[in-house]
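Understanding the architecture of this molecule
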Number of protein chains: 2
Amino acid sequence: MRAEIIAVGTEILLGDIVNTNAQMISLGLDELGIDVFYQTVVGDNPERLKEVLEIARGRSDLIITTGGLGPTLDDLTRETIAEAFGKKLVLHKPSLRRITAFFDQIGKQMTQNNVKQAMLPAGCKVLDNDWGTAPGCAFEADGVHVLMLPGPPKECTPMFHTAGMAYLAKLAGGVIVSHNIRIFGMGESAMEDRLHELMESSTNPTLAPYAKDGECLVRVTAKAETIEVAERLLEPVVRQVCDTLGDVVYGIDVESMEHAMAKLLTEKGLTLSVAESCTGGLLSKRITDVSGASKFYKGGACTYCNEIKMKVLGVKKETLDEFTAVSSQTAREMAQGIAMAYGTDLGIGITGYAGPDGGEDGTPAGTVYIGLYYQGKTQVRRILSPRGRERARWDAANNAFDMILRVVEGRKLI
Amino acid sequence: MRAEIIAVGTEILLGDIVNTNAQMISLGLDELGIDVFYQTVVGDNPERLKEVLEIARGRSDLIITTGGLGPTLDDLTRETIAEAFGKKLVLHKPSLRRITAFFDQIGKQMTQNNVKQAMLPAGCKVLDNDWGTAPGCAFEADGVHVLMLPGPPKECTPMFHTAGMAYLAKLAGGVIVSHNIRIFGMGESAMEDRLHELMESSTNPTLAPYAKDGECLVRVTAKAETIEVAERLLEPVVRQVCDTLGDVVYGIDVESMEHAMAKLLTEKGLTLSVAESCTGGLLSKRITDVSGASKFYKGGACTYCNEIKMKVLGVKKETLDEFTAVSSQTAREMAQGIAMAYGTDLGIGITGYAGPDGGEDGTPAGTVYIGLYYQGKTQVRRILSPRGRERARWDAANNAFDMILRVVEGRKLI
């Protein structure tokens, strides 16, 4: 089944809001094993909406619209769809009663224009809206299934997740199951080079590579009659991808590097503290993005000048004088210093030039040293991330997570 | 001019990511006075992309594509567009040199598949990518203008805002000048209420209100023949908006609250340090997002447990026992403690329940206390931000910036 999601709303075309409904519905359809081939946005304009509907019915088996079901003059989705599919609009009395009751409840007089929200295509399945006034609906015409949902995400999301998905699950049959294999330390091109043959030869499951924010993932997706059969198809392919890529794989179906690290440290009962210079708090922020981080994370220090590096972390004046604040030696003393000061099993020290400027000695912007203290030993990694301040800081944090994962798991530190 | 934005990427249709590029580009086109009539998303599939392009060229004068310019097998936008518009792809040597230099710089071997990123339609205007590898381009064919931009928002956004909008401004004729008036501490509806008449009566300049991440802005935009004429139109309207809104206006054309604060503290020669509990490093991270923050920012401490709050900040055990870590009293001692420990003019202390859980005593999630120490005096603000962990942390940082701006500027602390 080929699906198309059509959002109706000039406010999306003006950039006032982002079309998050399309993502929410796409995720739901993916779960149901329904392929989304197109997402379209059109304004509150009946001619253009009609044209878009004509194109959609010619190429899709399922059309889901969002928006344009409200009471105002420019809400025209209901009328336009009914006309395009040759359906009459008839008053749905239970919906009108629900809308009237809603206004009674908030103590306001219902205006006449609200009645049109209860006008629905004859013979449709009504999708009740328990989160707002406009009901949704679903019907079939000429072999095309049409679902109409309201635009506000607070109404659209719960309606789709309950009544909408239940309606579609009956139509679809079969399931889709995906696993995400997460990779750090190998670029997208190199990864695809290695997986090229496997990607070309795989049809079910399929393999899709993605790169985002300095890391990569491979999504392996199988379609089958049942979840069990899909999992049986997935298992050998997931293993083959992991074997092919080697120890750059840091997790399967894990949300992020910080989540992988949080899980590991919590399981092992290890504690962590961090000392940051150029990342300026980003590392600490990302660690505490994970709900429950207080189980392993004691805290951090952002030491943004030499004086504080010496005072709080005990970095030696001679180290700063001889090697400067951006050096392997300083990163090492920062990592040790924070672990001692905060009394934790692991300590991270990060120092570098995030940019836009590099060092006065010619060290380029994007040069960062990451020190990791663990079990009496401190190791330092040097990276160069030349894609701007924000990315350099992000990459430095990723490398800190990678070092912790590798050292605690006993993998090789590269 | 009628524009259509086409995003190419199966990851959008799968719901893995939301199409934020479309919003960003729509906003930019709106500024340029170009109407967006359609936003379309299609997968990494050359047949379907070609069909979508055929539809688009029949109904739009300007087509902007995002995505599908990368080095991998499924990146097919370049080839498909060139074919659809009858353009040959030719090697653009400066882009290849730039890509090669990029790999040299990061010390990695460039794989052969990266070369195709430098293959561009003959005769096009190349849009350099200073944020990644794939260049963009623009050309005209049969009266339709086509712009191709890469998919990652970190590349797409700056490329569109610089080279892309400059290219389009030339097509549109005239100039457009905007000023952004930034507001903290007043909601969007209240702001719109106050500006209602002015908004209704203004045609050139126009006023557009926006709300994002807990703050608001009013964008005032004038069209004219020259920049000077546009500025003359803007000046009285900008002043009127500021007068109407009063002291919730924290800046005009300033990038963010942290940038406004950085400018102020640098000018005044004041120094700052911060102590964070629930924000976990976010405040420090946002301060150091500002390039040059080291001029006023000495550093921070993330104190994620009571022990570290006592040890590093000198918060009293009795305070924690009597009032708990999430209290006005603790925020106060944290603010004072960090200013003393780090020897700065100003000190911030933040403690609260970011969520998902609130306090055991029934204090709701989203309750945060922000203490500000300055000139021997400490003031505390209590906020309730009940929209989830991330938003609560963000709002707490915003309030810290607002408090600093107000206290140092001598505005009333509300």
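Here the structure is shown first, and the text comes after it.
Read on for an overview of the structure. (Residues numbered from 1 in each chain as written. Chains lettered and ligands numbered in written order. Predicted model: local features only at pLDDT ≥ 70, side-chain atom pairs only at ≥ 80, totals over all residues. Heavy atoms only, no water.)

**Observations concerning the overall build of chain A**
Helix and strand counts for chain A stand at 14 helices and 17 strands. Its C-alpha atoms give chain A a radius of gyration of 28 Å, clearly above 22 Å, the size a compact globule of 414 residues would have. Oriented by its inertia axes, the alpha-carbon framework of chain A measures out at about 85 × 55 × 40 Å. A buried classification covers 57% of the 414 residues belonging to chain A. For chain A, the proportion of contacts with a sequence separation of at least 24, taken over those separated by at least 6, is 66%. On chain A, roughly 16,900 Å² of surface is accessible, and the fraction owed to carbon and sulfur atoms is 51%. Across chain A, 44 positive and 53 negative side-chain charges occur, with their mean positions spaced 3 Å apart. (Helix = DSSP H or I, 4+ residues; strand = E, 2+ residues; numbered from the N terminus. Rg over C-alpha atoms; globule rule 2.2 N^0.38 Å. Buried < 20%, exposed > 50% of the residue type's maximum accessible area, 1.4 Å probe, protein only. Contact = heavy atoms within 4.5 Å. Areas by Shrake-Rupley, 256 points an atom, 1.4 Å probe, with all protein chains shown as cover. Lys, Arg positive; Asp, Glu negative; His and termini not counted. Charge placed at Lys NZ, Arg CZ, Asp CG, Glu CD.)

**Topic: the sheet that holds strand β11 (residues 215-224) of chain A**
Residues and elements named next belong to chain A. The four strands lie next to each other as β10-β11-β9-β12, forming an open sheet whose pairing is antiparallel. Each having just a single partner strand, β10 (206-212) and β12 (249-252) make up the two edges of the open sheet. Adjacent strand axes in the sheet meet at a mean angle of 25°, parallel and antiparallel pairs treated alike. Bridging between strand β9 (residues 175-183) and β12 involves three bridges; their strand directions are antiparallel. (Pairing = 2+ DSSP bridges. Axes fitted to C-alpha atoms, helices over the stretch in contact; angles between N-to-C directions.)

**What about empty space enclosed by the protein?**
If a probe the size of a water molecule is rolled over the atoms, the empty space left behind becomes visible. Enumeration according to the criterion identifies three cavities of 30 Å³ or more in this entry. For the largest cavity, the calculated volume is near 90 Å³. Together, 14 residues line the largest cavity, and Asn19, Ala22 and Gln39 of chain A together with Asn19 and Val41 of chain B are the ones closest to its centre. Within the lining of the largest cavity, the residues separate by chemical class into seven nonpolar, seven polar and no charged. What the second largest cavity holds in volume is close to 70 Å³. Taken together, Glu4, Thr40, Val52, Ile55 and Arg59 of chain A together with Glu4, Thr40, Val52, Ile55 and Arg59 of chain B make up the full set of residues lining the second largest cavity. When contributions to the lining of the second largest cavity are tallied by element, the ones reaching two or more residues are α3 (46-59) of chain A together with α3 (46-59) of chain B. (1 Å grid on protein atoms, 1.4 Å probe; cavity = no way out; pocket = protein on both sides within 12 Å on 5 of 7 lines; lining within 4 Å. Points joined across faces, edges and corners; volume = space filled by probe spheres on them. Nonpolar A, V, L, I, M, F, W, Y, C, P; charged D, E, K, R; others polar.)

**Digging into the packing of aromatic side chains**
Residue and element names in this part refer to chain B. Taken as a whole and assessed by the stated rule, the structure comprises eight aromatic pairs over all chains. When the ring of Phe37 is compared with that of Tyr38, the centres are 6.5 Å apart and the planes differ by 80°; the resulting orientation is edge-to-face. Look at Phe37 and you get buried, because its relative accessible area is 15%. Between Phe102 and Phe103, the aromatic rings sit 5.7 Å apart at their centres with planes inclined by 90°, giving edge-to-face as the arrangement. For the residue pair Phe102 and Phe103, the accessibility class agrees, reading buried in each case. (Phe/Tyr/Trp six-rings, centres within 6.5 Å; stacked < 30°, edge-to-face > 60°.)

**Digging into the packing of helix α11 (residues 306-313) of chain B against helix α13 (residues 328-342) of chain B**
Residue and element names in this part refer to chain B. Packing of α11 against α13 brings their axes to within 9 Å, and their N-to-C directions diverge by 40°. Judged by the angle between their axes, α11 and α13 are oblique. Residues Lys309, Val312 and Leu313 of α11 touch α13, and the partners they reach there are Thr330, Glu333, Met334, Gly337, Ile338 and Ala341. Looking at the contact of α11 with α13, its residues break down into five nonpolar, two polar and two charged. (Parallel < 35°, antiparallel > 145°, perpendicular 65-115°, else oblique.)

**Things to note about the interface of chain B and chain A**
Facing the 71 residues of chain B at the interface are 72 residues of chain A. Together, the buried faces of chain B and chain A total about 5,900 Å²; carbon and sulfur atoms form 52% of this surface. Among the residues of chain B in contact with chain A, Leu13, Gln39 and Tyr304 of chain B are the three that bury the most area, contributing 10% of the side total. Here Lys154 of chain B and Asp213 of chain A are joined by a salt bridge, their closest N and O atoms 3.1 Å apart. The interface formed by chain B and chain A includes 35 residue pairs in polar contact (both at pLDDT 80 or more). (Buried area = accessible area lost by both parts, 1.4 Å probe. Salt bridge = Lys/Arg side-chain N within 4 Å of Asp/Glu carboxyl O. Polar contact = N/O pair within 3.5 Å; in protein donor to acceptor, adjacent residues only side chain to side chain.)

**So, the pairing of strand β11 (residues 215-224) of chain B**
Residues and elements named next belong to chain B. The element β11 is extensively covered by neighbouring structure, given that nine of its ten residues are classed as buried. Sheet analysis places strand β9 (residues 175-183) next to β11, joined by nine bridges and oriented antiparallel. Within β11, the position partnered with Ile176 by the bridge is Lys223. Two elements, strand β10 (residues 206-212) and β11, share seven bridges in a ladder whose sense is antiparallel. Bridge assignment links Lys212 to a residue of β11, and that residue is Glu215.

**Some remarks on helix α14 (residues 389-409) of chain B**
Residue and element names in this part refer to chain B. Across its 21 residues, α14 extends 30 Å between first and last C-alpha, which sits within 8% of the 30 Å expected from 1.5 Å per residue. Among the 21 residues in α14, 17 count as buried, and that is most of the element. Of the residues flanking the end of α14, it is Gly410, one or two places downstream, whose phi is positive at about 75°. (Expected span 1.5 Å × (residues − 1).)

**Structural notes on the pattern of salt bridges**
Residue and element names in this part refer to chain A. Per the counting criterion, the structure on display carries 40 salt bridges over all chains. Of the charged contacts, one joins Lys50 and Glu83 as a salt bridge, the two residues approaching to 3.0 Å between their closest N and O atoms. Placement of Lys50 in helix α3 and of Glu83 in helix α4 (residues 77-84) is noted, with a sequence separation of 33 residues between them. When its relative accessible area of 32% is taken as the criterion, Lys50 is described as partly exposed. Taking the shortest distance from any N to any O, the salt bridge between Arg406 and Asp247 comes out at 2.9 Å. Highlighted residues: Arg406 in helix α14 (residues 389-409) and Asp247 in the loop between α8 (227-245) and β12, separated in sequence by 159 residues. With a relative accessible area of 0%, Arg406 lands in the buried category. The exposure class of Asp247 is partly exposed, given its relative accessible area of 33%. One continuous salt-bridge network, built from bridges that share partners, spans Asp247, Arg381, Asp402 and Arg406.

**Concerning the environment of Ala101 of chain A**
Structurally, the position occupied by Ala101 of chain A is in helix α5 (residues 93-105). Along the sequence, Ala101 of chain A and Thr133 of chain A sit 32 residues apart, while their C-alpha atoms lie 9.9 Å from each other.

**Looking at unusual backbone geometry**
Along the chain, Asn204 of chain A connects to Pro205 of chain A via a cis peptide bond; the corresponding omega equals 5°. Relative to the elements of secondary structure, Pro205 of chain A occurs in the loop between α7 (188-201) and β10. Cis rather than trans, the peptide bond between Gly355 of chain B and Pro356 of chain B has omega equal to 5°. The topology assignment puts Pro356 of chain B in the loop between β15 (346-352) and β16 (367-374). Phi at Asp142 of chain A takes a positive value of approximately 50°, unusual for a residue other than glycine. Tracing the sequence through the fold places Asp142 of chain A in the loop between β7 (136-141) and β8 (144-149).

**Focus on the pairing of strand β17 (residues 377-384) of chain B**
Residues and elements named next belong to chain B. When β16 meets β17, the two strands line up antiparallel, connected through eight bridges. Along β17, the bridge assignment pairs Thr367 with Leu384. Adjacent in sequence and paired antiparallel, β16 and β17 are bridged by two residues, among which Gln375 carries a positive phi angle near 50°.

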